[in-house]
Amino acid sequence: AALPDLSSVRINPAMIAMQKQYVVSGGYHWPAVGREFYQIGAVDSTTGDVAAGVSYTGFLEDYMESIVAGDVLDSPLESRMNIGLAKVFGKLSLGISAGLISGFALGNDVANEPLRKLKGTTFGFGVAGFFTKWLRAGVSVENLSNKSVSALAPTTYRAGIAGIFLNGDFTAHVDLVRRYRVEGFEYDIQPRFLPSGSLLLELREPAETLVSSFSVRVYDLLRVIGSVGDSLDGFGDRSGSLGLALVQRLFSISYNLSRTNLQEAAVDSNANLNVNVSF
């Protein structure tokens, strides 16, 4: 409910119409585990009554090389392109989106195909609105009609509330995410090596997570960002992250430390650079 930029084209397309802007954006991301990736695109909510946005995410390294290197938690995506349209009706904005996705999934081990290439389209929609000048809300669904690429783009439902205080110096967000799991990826489980039974059926059930996050400006362009997530379905543990970001109109750069399980000592890190050109 607080992202009116490139990220919202996929996460909640209704948000691209929530403020007047024409932005061309590009970002590069260095995760601790898995391949580096980039994202480019544009959002235009000034030209006409209907706002439009497009984003493209791609990887510079080969997925098979990543698997051979032992990055078992790497994303199976090869590329993702999303387009979104949105229109404001009073205090509400409605948006729709479509995506073209390609990547890899587990293949047929009997036929000696450890991986198979997948490519297909998905659809989504979202609603966003203002309760007051500082409180906003949004709901969205991502990756509907995704049968051909469900292993790459699981159907995800989101609902969130965002508060923007002190002229944007402090923001707080609460989001509920319900996402179908990807077998053989997020738990590093390969179904073809498991006996048939209830375990695989359980992994097909959706995961629910409640995430609370914040951003606070501590000095000039410097912000502290953080989040705490709590699994609501008993399959996962609490997660958390904390980072620093330099945020300016034309660019942002951030460094983030995160724990996917607060009870474990393992810490992941990622760095992100984003450049915006606004008109």
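Everything numeric in this text was worked out from a predicted model, so none of it was measured. (Residues numbered from 1 in each chain as written. Predicted model: local features only at pLDDT ≥ 70, side-chain atom pairs only at ≥ 80, totals over all residues. Heavy atoms only, no water.)

### Re the overall build of the chain
Check the secondary structure of the chain and you find three helices and 14 strands. Within the span of the chain, comprising 279 residues, buried residues form 36% of the whole. If you sum the accessible surface of the chain, you get close to 15,300 Å²; carbon and sulfur atoms cover 61% of it. (Helix = DSSP H or I, 4+ residues; strand = E, 2+ residues; numbered from the N terminus. Buried < 20%, exposed > 50% of the residue type's maximum accessible area, 1.4 Å probe, protein only. Areas by Shrake-Rupley, 256 points an atom, 1.4 Å probe, with all protein chains shown as cover.)

### Comments concerning the packing of aromatic side chains
Across all of its chains, the model carries five aromatic pairs by this definition. A connected cluster of aromatic rings, assembled from ring pairs, spans Trp134, Phe165 and Phe170. Taking the ring centre of Phe59 as reference, the NZ or CZ of Arg35 above it sits at 3.9 Å. Its end group placed over the ring of Phe89, Lys87 keeps NZ or CZ at 5.8 Å from the ring centre. (Phe/Tyr/Trp six-rings, centres within 6.5 Å; stacked < 30°, edge-to-face > 60°. Lys NZ or Arg CZ within 6 Å of the ring centre and 35° of its normal.)

### Structural notes on the environment of Phe170
For Phe170, the location among the structural elements is in strand E9 (residues 170-180). Using a relative accessible area of 29% as the deciding quantity, one classes Phe170 as partly exposed. Considered as a pair, Phe170 and Phe214 are 44 residues apart in the sequence and their alpha carbons are 7.4 Å apart. What Phe170 contacts, discounting residues up to four positions off in sequence, is Gly163, Ile164, Phe165, Phe214, Ser215 and Val216. (Contact = heavy atoms within 4.5 Å.)

### So, the pairing of strand E13 (residues 251-259)
Bridge analysis of strand E12 (residues 239-247) against E13 gives eight bridges, and the strand direction is antiparallel. Counterpart to Ser241 in the pairing with E13 is Ser258. With antiparallel pairing between neighbouring strands as the criterion, E12 and E13 make up a hairpin whose turn holds three residues. One ladder, built from eight bridges, connects E13 with strand E14 (residues 268-278); its direction is antiparallel. Following the sheet pairing, Asn256 is matched in E14 by Asn270. (Pairing = 2+ DSSP bridges.)

### Notes on a nonpolar patch on the surface
Taken together, the side chains of Val24, Trp30, Leu221, Leu246, Leu250, Phe251, Ile253, Leu273, Val275 and Val277 present a nonpolar region at the surface, about 750 Å² in accessible area. Top element by residues in the nonpolar patch is E14. It accounts for three residues. Examined against the element boundaries, Trp30 turns out to sit in strand E1 (residues 22-31). (Patch = residues over 30% accessible without salt bridge, like charges linked within 9 Å, V, L, I, M, F, W, Y side chains within 5 Å. Salt bridge = Lys/Arg side-chain N within 4 Å of Asp/Glu carboxyl O.)

### Description of unusual backbone geometry
Its identity is not glycine, yet Ser145 carries a phi of approximately 50 degrees, on the positive side. Along the chain, Ser145 falls in the loop between strand E7 (135-144) and strand E8 (156-165). The backbone phi angle of Asn167 is positive, close to 55 degrees, even though this residue is not glycine. Tracing the backbone through its elements, the reader meets Asn167 in the loop between E8 and E9. Given the relative accessible area of 84%, Asn167 is considered exposed.

### Examining the nonpolar core
If you look at the biggest cluster of nonpolar residues, it comprises eight residues: Phe59, Leu77, Ile101, Ala105, Leu118, Val149, Leu152 and Ala153. Counting residues in each nonpolar core, the second largest holds six residues, with Ile16, Ala17, Ala51 and Ala86 among its members. (Core = buried A, V, L, I, M, F, W, Y, C linked by side-chain atoms within 4.5 Å.)

### Some words on the pairing of E1
Pairing analysis gives eight bridges linking E1 to strand E2 (residues 37-44), with the strands arranged antiparallel. In the sheet register, Gly26 faces E2, and the bridge partner there is Ile40. Across nine bridges, the pairing between E1 and E14 is antiparallel. Residue Pro31 lies in a different strand from E14, and its bridge partner there is Asn270.

### Notes on the environment of Gln248
Structurally, Gln248 can be placed in the loop between E12 and E13. Owing to a relative accessible area of 33%, Gln248 belongs among the partly exposed residues under this scheme. In this structure, the C-alpha to C-alpha distance between Gln248 and Asn276, residues 28 residues apart in sequence, is 9.3 Å. For Gln248, the side chain forms a polar contact with the main-chain nitrogen of Leu250, separated by 2.7 Å. (Polar contact = N/O pair within 3.5 Å; in protein donor to acceptor, adjacent residues only side chain to side chain.)

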